[in-house]
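Architecture at a glance
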Amino acid sequence: LLPCVIRMMDNLITKTSHKPLLPSVASISRFIVKHYKALCALAVVLCIPAFYGYSNVNVYYDMSSCLPEDLLSVKANEKLSESFDVSTNHLVLIDADVSQKNVIAMTREFKQVDGVQNVLSLDSLLGSNIPESILPDAGISLLKSDRYQMMLISSSYVISSDAVNQQIDELNAILKKYDEGGMLIGEAPCTKDLIDCTDRDFKVVSVISIAAIFVIIALVLKSFSLPILLVAMIELAIALNLCIPYFTGTTLPFVGPILISTIQLGATVDYAILMTTRYKQGRMAGKEKKGAVGEAVAASAQSILVSGVSFFASTFGVGLYSNVDIISSMCSLIARGALCSVAVVLFLLPAMLLLCDGFIVRTTVGMKKKA
């Protein structure tokens, strides 16, 4: 629809046109062509801290940590922790046929696990001297049904911490000794499962997104080398973006790295495609490599800057304004990622195109004959 609207509004567009407000950035091309070897060396050097920080960035899985502190639920949890030294509770479901003797023995072992504050169950409350039959059915039904009986374990450890995950493993080992089908449930066990699941799934998602972008670029540019170079440059920009929280000691929500990786890759790879397409057109038109890269930078720099700054502006304000940490951190990362991608595409990508020109020509359809 956009071409149709542009054609309909052509007269108005012509009447309201004005001189560019942004200064010319054509001089960037001369700097890049002159210092491309130093820029390539800089790209290699940046890979070390960027990918190290990206791989080791700290994340949290407790979603309550990203909520504003003035919420009633957050205040209630803080009060619970301050008054009773309890950070989280686990629920244990065991078969209703497990004997009272085994439940009491299991309770005794649970209490010996580090960080366990208290263990509550119907049998632990009654003890071995009080028969269950004297209790009213309404009281029994709170902790026991025809299929399951429930236990409550209070823990002093924080959800998603290494300590609570170790505690869950120990509790599960004890539980399976007495009831193979028993289940340890609650927020902390669920979060531990989430950590195990997402760690694997995020790696798969990252590989799929990179492979999809690689295939699309390969088909569009008809090249084997260009997709590798373009994806590598955008991945460097992503790593530069996500390594900053590691070196500044900032902890991100667990969805942050994977969402930023896919959003920044998909949204900013267009900058690299624009730059590379201009370079390819210049080389196929018979220009030597420095001329083709210089013209590509001069022709595409302003478009890349406008797009990148617009992407930055549309997300940076939300990052400053929102008091929900997951929203604030995500928007701040997206905004910073736009600037990282612009810098990498404008300065490092052209330098790498110059360095790899011979390989690109040999592995791109049509370029060997023209260049």
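Residues numbered from 1 in each chain as written. Predicted model: local features only at pLDDT ≥ 70, side-chain atom pairs only at ≥ 80, totals over all residues. Heavy atoms only, no water.

Turning our eyes to something else, we now look at the overall build of the chain. Counting secondary structure elements, the chain contains 16 helices and six strands. Here the C-alpha atoms of the chain give a radius of gyration of 30 Å, more than 25% beyond the 21 Å that 2.2 N^0.38 yields for 371 residues. Counting over 371 residues, the chain shows a buried share of 41%. On the chain, roughly 20100 Å² of surface is accessible, and the fraction owed to carbon and sulfur atoms is 63%. (Helix = DSSP H or I, 4+ residues; strand = E, 2+ residues; numbered from the N terminus. Rg over C-alpha atoms; globule rule 2.2 N^0.38 Å. Buried < 20%, exposed > 50% of the residue type's maximum accessible area, 1.4 Å probe, protein only. Areas by Shrake-Rupley, 256 points an atom, 1.4 Å probe, with all protein chains shown as cover.)

Time to look at the nonpolar core. By size, the foremost hydrophobic cluster in this structure holds 59 residues, and its most contacted members are Met275, Tyr279, Val345, Leu349 and Leu353. Elements with a minimum of two residues in this core: α3 (27-34), α4 (36-56), α10 (187-221), α11 (225-248), α12 (256-284), α13 (289-321), α14 (325-355) and α15 (357-362). The element contributing the most residues to this core is α14, with 15 residues. Apart from residues no more than four positions distant in its own chain, Met275 is found in contact with Ala296, Val297, Ser300, Ile304, Val345, Leu346, Leu349 and Pro350. (Core = buried A, V, L, I, M, F, W, Y, C linked by side-chain atoms within 4.5 Å. Contact = heavy atoms within 4.5 Å.)

This brings us to the packing of aromatic side chains. Scanning the model with the defined rule gives five aromatic pairs in all. Measuring from centroid to centroid gives 5.6 Å for Tyr52 and Tyr246, while their planes differ by 80°, and the two rings are edge-to-face. Taken together, the positions of Tyr52 in helix α4 and Tyr246 in helix α11 put the pair 194 residues apart, joining distant regions of the chain. Judged by its relative accessible area of 47%, Tyr52 is partly exposed. On the basis of relative accessible area, Tyr246 is assigned to the partly exposed category, the value being 25%. Between the aromatic rings of Tyr246 and Phe247, the centroid separation amounts to 5.0 Å while the plane-to-plane angle is 75°, which identifies the pairing as edge-to-face. (Phe/Tyr/Trp six-rings, centres within 6.5 Å; stacked < 30°, edge-to-face > 60°.)

A few words on the pairing of strand β4 (residues 148-155). Where strand β2 (residues 88-95) and β4 come together, eight bridges link them in antiparallel fashion. For Asp95, the partnering residue across the bridge sits in β4 and is Tyr148. (Pairing = 2+ DSSP bridges.)

All right, on to the pattern of salt bridges then. Applying the stated criterion across every chain, the model contains six salt bridges. Close ionic contact of Glu109 with Lys177 constitutes a salt bridge, the shortest N to O distance being 3.0 Å. One end of the pair, Glu109, is in helix α6 (residues 100-111); the other, Lys177, is in helix α9 (residues 162-178), and 68 residues separate them in sequence. As a salt-bridge pair, Lys287 and Glu295 come within 3.6 Å of each other at their nearest N and O atoms. Assessed through its relative accessible area of 31%, Lys287 is described here as partly exposed. Linked through salt bridges whose partners overlap, the residues forming this network are Asp169, Lys192 and Asp196. (Salt bridge = Lys/Arg side-chain N within 4 Å of Asp/Glu carboxyl O.)

Read these as geometric descriptors, not functional statements.
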